[in-house]
Every structure is written in structure tokens, then in C-alpha cells.
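One-letter residues, chain by chain:
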Amino acid sequence: MTATKKQLTYSFYPGCSLHASGREYDISTRAVFKALNVGLKDVPDWFCCGATPAHNVDELLSLSLCAKNLSLAEAVEGDLAVACAACFSRLKTTQHHLKGDDNKRKQVEIAIAGPAPLGKPVKHILEILARDFGLAHLEEHVKKPLMGLKVACYYGCLLTRPPEVPDLDDCEDPSIMEDLLRAVGAEPVNWSHRMECCGANFTLSRPGVVLKLSGAILESARLAGADCIMVACPLCHGNLDIRQESIEEKSQTDYDTPIFYITQLVALALGVSGSKLGFESVIVDPRPLLVNKQLL
Amino acid sequence: MCLSKQTMNAGLVKKVETLSGTSVRRCFQCGKCSAGCPMSGFMEHPPNRVVRLLQLGQGERILAGRSIWYCASCETCSTRCPNKVNLAAIMDALRKLSWDTDGPSKESYVQLANRLFIENIRTYGRQYELRLGAAFNMKSGQFLKDLMLGPKLLSRGKLKMFHSKNKNLRDIEAIFSRIEEMRKKGEAL
């Protein structure tokens, strides 16, 4: 089936979190691409996209930081793969705004002292796996189906909102994560908080916000009977994993809900050894659950 | 209070509309934005009232409060607005106006976190998360905040003790200074 299929290859913008607090997202993304024999090459000298703080107070700065990173990405062949939902959103927002607003584009081009290249498709790894590589093709590569693993797919905010920017899936009722999970043999659950905000970067300034919002997400996943939650964003991961103990203390409920990155679960199904996916890095240890489901 | 030219600040509304690329007059106060807002419980003016205050030229009342700093930029409001009012962009514009004038906001922690995050880009290129957390604790006077988390994250490799600066830091600095220059000359807002 794939004999005629062109070898896929991508440039990669890891983003700051993947180099520290979200290191297991980085490790597992590279493991998935390697297992599928898909090329992935880092953008040289990439730097912070500005994330939420930059656009919150200085849109021109935010657009310029992203435009410069897009210009650095031109040096590497292939569409731009992004794992972090926030970086993905900022890079795509920049392309969207600058394509539609000549005045802004001119200001950004002065700021970065060069043209703002807007032509390279920016893709979240979800769409690379589900669409470019393809679910049917992915299914063929599954060596260890994640049988019996009930997963709450958590989209959060920036993968699908606002609808005109990410162009990834339906902005209120997406299914790309669930489709991907089914392809690797897991069982997505129906639950209420797939699209709700986790409290985002208030984790630094006002952690109380995160305890409330992420607490509601953990509670909703528990009520739906999920064994674990799957995320696509390092900030969502941090809020649900690192803050889980404080949430448990506050709500007097034991959640003990492991939080996985998409790529950790996909890699596991592709037969990558569980010892190579950074499971030891997270706070809520997922290994007992995986052993229990005979996946480790 | 009577609404008149004296009590309404139309200039501020115009700046918000220019920066956000959206018109506040399109809003007919259906309230969907506030109904779906995960943060409205933390705000003194929920999102639909922010737009109403702008319609009535009362932007200063918004800037004086903490509502804009409690917006999480989740984009739910902009996604669901039946009149395509881009409320998330209005929030960005209001924050920028408050930021530029170092306005009388009641919410300093969020502003501090934003400032340190942006400074980190200028100093290092990529975020140095350990420094971000430590600087926030020092400058906000919350020396013990998340103290127990630090060693846990360090031992798991989720925080790095040392962080190397980007090689192209000079290019990054140039972006910041060119933007400052444009603003000084009045070529950009």
C-alpha cells in the first residue's frame, strides 16, 4: 500500500517546554517519528514563541518572535511539525494575521529586518499522525494495541480555538484525538471537560485558579471512568500532573490519574520500550496502571 | 452617572478597536461569552460587561480592575460569539493599554509573571523555567511558594539547574530594540 508513498519528512519546532518540564513529550515525539520512519529535523537556533504572556501585552512582539522563528524554519526541509499546543497556536496565529493584514506584516518585517515567510504549513503532530501518515497506515504499525485502556482525551483551548486559526478539527466537538486512540487500540471515554481550560499559565501567578479549573477536569475524567488523561500541551500536562497532589488535598479526593502525552501512548502501541518514554519523569507515576493493563 | 462627551472616553475605545481589529458596536449583549468563560468567576466585570463598558465609553473602569488580568486567553468567547466580536483580542488590546501606561491595575502577580517571561526571552532566547519560578517568588515576596515542588521537578529532569543562552541572542535582542524604536517614532502602537 505504501510502496508509492513519498517518504515523509518534517522540520521541527520543539518549543521551550519540551526541553525541560515537558521533556517526555520531546523524547516520545522523536520515538514515534523514528518508529514510523518519518523524518524530523530541528529548526536551528529556534527560540521562544512568546506564548501567552507576549500576545497578552504586546501583539507586535508576539507576531515578530513567531515570524522570526518561521523564517528560521525555512532552512529545514518539510512542513513545520509542532508538538506544543501553545507554540502551534502562536505560529499559526501569526501566519493568519500577517496574511490578512499588510500593515501588521510591514511592521513585523521591520522588526525582524527581513521578509516574514508565511508559506510553510505549520502542523500539529496530531494531524501529522492522523492525516499525513494516516490512521489506517498507523494501525498497520501497531505492535501492542492499548487494549482495555480507558482514556479521557483532553484538547484544552489552543488546538481548536479560535476556529479560523488552527484549522485542525471542529472547534466545539473535535474527534481527532479519539480517532487516533482507537487506531492504536485504546478506548476513549465520553466526558464533559475535553474543551475546558486547565488554568494555563496562572500556574505561576495564581495557582489557585489552576487548582479550581484543573480540579474540575480531573473530577470529570474520574466520573467518566477514565484510567488516565491524554494531552497535547506541556502546560496542560503540568497543571494536571504537577498540581494533582495539591488538587487532591484541596478536594479531599484521591484521583491518582496519570497524564500522558499523545506520543507516549502512540509510541507504546508502536512497540517502543516503556523505559524509553520518560514515564519516570512525571509526578503521577503511570507505570502501575500500565503494568495492571499488561502494557508494560 | 449621565453619559456625555465629558464622561465617555471615545479615544480609548477607538484604540482598543484598532489594536484588536474588532468592533465593540457589533455586540448585542447576548452573554454567551460570559456563560462559557472559565474565568468569569474571578472577574469583577465578566466578558460581556467588559464590552458593554467599552460601548458606553467607560474603558477606564475596566483598566482599573483586575478582570483583564484574569482572562486565560482560552478563546472560548471569540469562538462562540454570534456577532464575531473577537473578545480575546479586545482583552489583549486592553492589557496592552494598561501595560503601556503601567496602569492602576489591581492585579500585579499576573503582570509580574508576564514581565519575567518576556524578560527571559530577551536574556536567554528560550525559557529558563527554574529562573522564571525563582524570580517570581523573589519579586512577589512569596519566598516559600511551591518550595516543595522544586526538588521533585529537578530530580525528575523537569527543571534544569543550568540553561545555555541561544547563539542568536543578538538577533533576538534586535527584534526587541527595533520594536521599541518604531514605537518611539510613532510608527507602531
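Not measured: the values here are computed from a predicted model.

### Description of the overall build of chain B
Next up, step 1: The helix and strand tally for chain B stands at ten helices and zero strands.
Next up, step 2: Each helix (α) and strand (β) of chain B, taken in turn from the N terminus, gives the series α-α-α-α-α-α-α-α-α-α.
Next up, step 3: Taking the principal axes of its C-alpha atoms as reference, chain B extends roughly 60 × 40 × 30 Å.
Next up, step 4: When the 189 residues of chain B are sorted by exposure, 40% land in the buried category.
Next up, step 5: Residue pairs at least 24 apart in sequence account for 65% of intrachain contacts in chain B once pairs closer than 6 positions are excluded.

### Re the environment of Trp99(B)
Next up, step 1: Checked against the element boundaries, Trp99(B) lands in helix 6 (residues 87–100).
Next up, step 2: C-alpha separation for the pair Trp99(B) and Lys165(B), spaced 66 residues apart in sequence, amounts to 27 Å.

### Details of the interface of chain B and chain A
Next up, step 1: Each partner contributes residues to the interface: chain B has 45 residues there, and chain A has 46 residues.
Next up, step 2: Secondary-structure elements contributing two or more residues to the side of chain B that touches chain A are helix 5 (76–80), helix 6, helix 7 (108–124), helix 8 (129–140), helix 9 (149–155) and helix 10 (169–184) of chain B.
Next up, step 3: Its residues assigned to classes, the side of chain B that touches chain A comprises 22 nonpolar, eleven polar and twelve charged.

### So, the sheet that holds strand 4 (residues 122–124) of chain A
All names here are of chain A.
Next up, step 1: In spatial order, the strands read 2-1-3-4; together these four strands make up an open sheet with parallel pairing. This sheet does not close on itself; its edge strands, each paired only once, are strand 2 (39–42) and strand 4. The sheet shows a mean angle of 40° between the axes of neighbouring strands, taken without regard to direction.
Next up, step 2: Its contacts with the sheet place helix 6 (residues 125–141) against strand 1 (9–13), strand 3 (79–82) and strand 4, and it is angled at close to 85° to strand 4.

### Quick word on the domain arrangement of chain A
Reports often express the size of an interface as the amount of accessible area lost when the parts come together.
Residue and element names in this part refer to chain A.
Next up, step 1: Domains assigned within chain A are domain 1 (9–124) and domain 2 (143–292).
Next up, step 2: Averaged C-alpha coordinates put domain 1 and domain 2 at centres separated by 23 Å.
Next up, step 3: The interface of domain 1 with domain 2 comprises 24 residues on the first partner and 27 residues on the second.
Next up, step 4: Elements represented by at least two residues in the side of domain 1 that touches domain 2 include exactly helix 1 (23–35), helix 2 (51–57) and helix 4 (85–100).
Next up, step 5: Among the elements that make up the side of domain 1 that touches domain 2, the one with the highest residue count is helix 1 (nine residues).
Next up, step 6: Class assignment of the residues belonging to the side of domain 1 that touches domain 2 gives a composition of eleven nonpolar, ten polar and three charged.

### A look at the sheet that holds strand 8 (residues 259–261) of chain A
All names here are of chain A.
Next up, step 1: With parallel pairing, four strands are arranged side by side in an open sheet as 6-5-7-8. Strands at the two margins of the open sheet, each flanked by one partner only, are strand 6 (187–188) and strand 8.
Next up, step 2: Here strand 5 (residues 150–153) runs beside strand 6; their pairing, made up of two bridges, is parallel. The residue bridging Val 151 from the neighbouring strand is Pro 188, located in strand 6.
Next up, step 3: The strands touched by helix 12 (residues 262–269) are strand 7 (228–231) and strand 8; relative to strand 8, the strand with the most contacts, the crossing angle is about 75°.

### A short note on the confidence of the model for chain B
If pLDDT is low for a region, its predicted coordinates should not be looked at in detail.
Residues and elements named next belong to chain B.
Next up, step 1: Of the residues in chain B, 98% have a pLDDT of 70 or more, and the chain-wide mean is 93.
Next up, step 2: Mean pLDDT across the elements of chain B bottoms out in helix 9 (91) and peaks in helix 3 (residues 47–55) (98).
Next up, step 3: Under the prediction, the complex receives an ipTM of 0.94, its pTM being 0.95.

Conventions and cut-offs
- Residues numbered from 1 in each chain as written.
- Chains lettered and ligands numbered in written order.
- Predicted model: local features only at pLDDT ≥ 70, side-chain atom pairs only at ≥ 80, totals over all residues.
- Helix = DSSP H or I, 4+ residues; strand = E, 2+ residues; numbered from the N terminus.
- Buried ≥ 20, exposed ≤ 12 C-beta atoms within 10 Å, placed from the backbone.
- Contact = placed C-beta atoms within 7 Å.
- Nonpolar A, V, L, I, M, F, W, Y, C, P; charged D, E, K, R; others polar.
- Pairing = 2+ DSSP bridges.
- Axes fitted to C-alpha atoms, helices over the stretch in contact; angles between N-to-C directions.
- Domains from an automatic or database assignment.
- pLDDT = per-residue confidence, 0-100.

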